[in-house]
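For reference, the chains in residue letters:
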Amino acid sequence: MIDPWTVLRIPVRAWAAWREGELDTVPRPRDAPRAHAAGPDALEVLVVGSGAASGWGVVTHELGLVGTLCRALAHRRHGGVTVGGAVRPDMQMRHAAAELRRHPLDVYAIVCLVLGVNDVMAMTSRAEWEWELRRALDEIERRRDPGTQILVTGIQPIPSIPVFAGPFARVLDRRARQLNELTRRECDARLGVTFVELPETPGDIDNVYGDSARYAFWAEILADGVSPDTLAATPPSVQRLNPEQRADAVRRTGIAGTEPEERFDRIVRAARTVFRTSYAAFTLVDDNQQWYKSLVGPDLPLISIEHSFCYHSAQSGRPLIVPDTLRDSRFVHNKFVIEEPRVRFYAGYPVRAPSGEPVGVVCVFDSSPRDRDTIDLSSLREFALMVEAELADQPVAAVSSTPARETGWPLRRR
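Residues numbered from 1 in each chain as written. Predicted model: local features only at pLDDT ≥ 70, side-chain atom pairs only at ≥ 80, totals over all residues. Heavy atoms only, no water.

Caption draft 1: View of the packing of aromatic side chains. Across all of its chains, the model carries 6 aromatic pairs by this definition. Ring plane angle 15° and centroid distance 4.4 Å describe the contact between Phe309 and Phe331, whose orientation is recorded as stacked. Taken together, the residues Phe309 in helix α11 (residues 309-316) and Phe331 in the loop between β9 (320-322) and α12 (335-338) connect sequence positions 22 residues apart. Among the aromatic side chains, those forming a connected cluster through ring pairs are Tyr279, Phe309, Phe331, Tyr346 and Phe365. The ring of Trp56 has Arg28 sitting right over it, with the charged end atom 5.5 Å from the ring centre. Taking NZ or CZ as reference, Arg370 lies 4.8 Å from the ring centre of Phe345, over its face. (Phe/Tyr/Trp six-rings, centres within 6.5 Å; stacked < 30°, edge-to-face > 60°. Helix = DSSP H or I, 4+ residues; strand = E, 2+ residues; numbered from the N terminus. Lys NZ or Arg CZ within 6 Å of the ring centre and 35° of its normal.)

Rendered as structure tokens:
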């Protein structure tokens, strides 16, 4: 007996390709798929996918699913949230496992897969979909933090996608429902994995591109799928990267060994002004050395990695606050404490590469101790996020074979 889907595959693919041509005139975000809500100890969220994650019809991801999900989670958590996206409009489920391997999944409290529309249009078989979905979920489960929650969205109703409304919409929607049922069963069989169905948007949201209300509607549904324990949890620390991974992540930022840049100096100057410290810096850190990309304050001697405060923050992926170094056993004998500049107070917030690895720190420090209650960690995080935004706009550098210790990175003074 002939499989009816085999008969339909060629005409459906041809029709879908023709309809996809209309997407050339539909706006799509050109900024980095990243959004944040203010607050310390921010939850890190990774969105991987296409379709609804791509932001068709809006000009910035702040108005798409990435931004609206960030705000929905922050509202429920009453605290900081950062949502980063690995978003590609042509991504299918078969690409997911490889994409996930590019990210340090242990840093994320939530990993969200938003895939399926492209697979429906490509008439991906149910067997292939199930196999690739399992590969993606296995990849997350193998490398995630034990507390990480996985969200898998269902495929949105095909007739609700303006460009695919037409004679084959009902046939394609039937395939979407079949894939959704397979996905639901697979998610239900795994601990910590939640299937979230994306329904049609209400009638008061026009079925046209360009309406950010549809993304806000779906974001609320996704946020409702996050468990209260996940929202209340302390963000996980980063598992220690091996030296090669850390050095490669720093080099991929594209700014290792480069000249000073006003875009970073401006952020660091503002941090020193807000915190009223003698020093502020944006540092890059790997397992071999610390390098000041931007340093505002009096000249400093070169610092080895064993005396680096920033190394502690970058290694853990968590902010580091030391109100008084002479009362902290980790630093009381530190060279920068007992010698010039005689650091007594330090606060640093990690800076992550677009792919998620902590590659540096924005920090402020001074020769006078501080009361911990006077340190506004939310403000320091804002400066770190400003640096991350600049890195997101930076062309990704090719990974060099030169070891970090041989790059000759200079000390940055300002």
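Now that the structure has been shown, the text picks up again.
Caption draft 2: How the structure looks around unusual backbone geometry. Here the amide bond leading from Glu340 into Pro341 is cis, since omega sits at 10°, within 30 degrees of zero. Within the fold, Pro341 resides in the loop between α12 and β10 (345-352). Of note in this structure, Met123 is not a glycine but carries a positive phi near 55°. Counting through the fold element by element, Met123 comes out in the loop between α4 (117-121) and α5 (126-143).

Caption draft 3: Examining the sheet that holds β10 more closely. The 5 strands lie next to each other as β8-β7-β11-β10-β9, forming an open sheet whose pairing is antiparallel. The sheet terminates laterally at β8 (290-296) and β9, the two strands that pair on one side only. Neighbour-to-neighbour, the strand axes of this sheet turn through a mean angle of 20°, independent of strand direction. Sheet strands in contact with α11 are β7 (279-285), β8, β9, β10 and β11 (358-366), and its direction is about 140° off that of β11. (Pairing = 2+ DSSP bridges. Axes fitted to C-alpha atoms, helices over the stretch in contact; angles between N-to-C directions. Contact = heavy atoms within 4.5 Å.)

Caption draft 4: Region of interest: the pattern of salt bridges. Taken as a whole and assessed by the stated rule, the structure comprises 29 salt bridges. The shortest N-O distance in the salt bridge between Glu44 and Arg352 comes to 3.3 Å. One end of the pair, Glu44, is in strand β2 (residues 43-49); the other, Arg352, is in strand β10, and 308 residues separate them in sequence. For the pair Glu44 and Arg352, a shared accessibility class is recorded, and that class is buried. Measuring nitrogen to oxygen at the nearest pair gives 3.0 Å for the salt bridge that ties Arg71 to Glu62. Under the relative-accessibility criterion, Arg71 is labelled partly exposed at 41%. (Salt bridge = Lys/Arg side-chain N within 4 Å of Asp/Glu carboxyl O. Buried < 20%, exposed > 50% of the residue type's maximum accessible area, 1.4 Å probe, protein only.)

Caption draft 5: View of the sheet that holds strand β4 (residues 110-114). The 6 strands are arranged β1-β3-β2-β4-β5-β6 in an open sheet whose pairing can be described as mixed. On the outer flanks of this sheet lie β1 (34-37) and β6 (193-196), each paired with one strand and no other. The sheet shows a mean angle of 15° between the axes of neighbouring strands, taken without regard to direction. Pairing of β1 with strand β3 (residues 81-87), which is carried by 4 bridges, proceeds in the antiparallel orientation. Among the inter-strand pairings, Ala35 is bridged to a residue of β3, identified as Val83. Across the face of the sheet, helix α2 (residues 65-77) comes into contact with β1, β2, β3 and β4 while running at roughly 20° to β1.

Caption draft 6: Expanded view of the state of the cysteines. For the structure shown, the criterion picks out 0 disulfides. Its sulfur unpaired, Cys310 is 3.7 Å from the next cysteine sulfur, which belongs to Cys363. Judged by its relative accessible area of 2%, Cys310 falls in the buried class. (Disulfide = S-S within 2.5 Å.)

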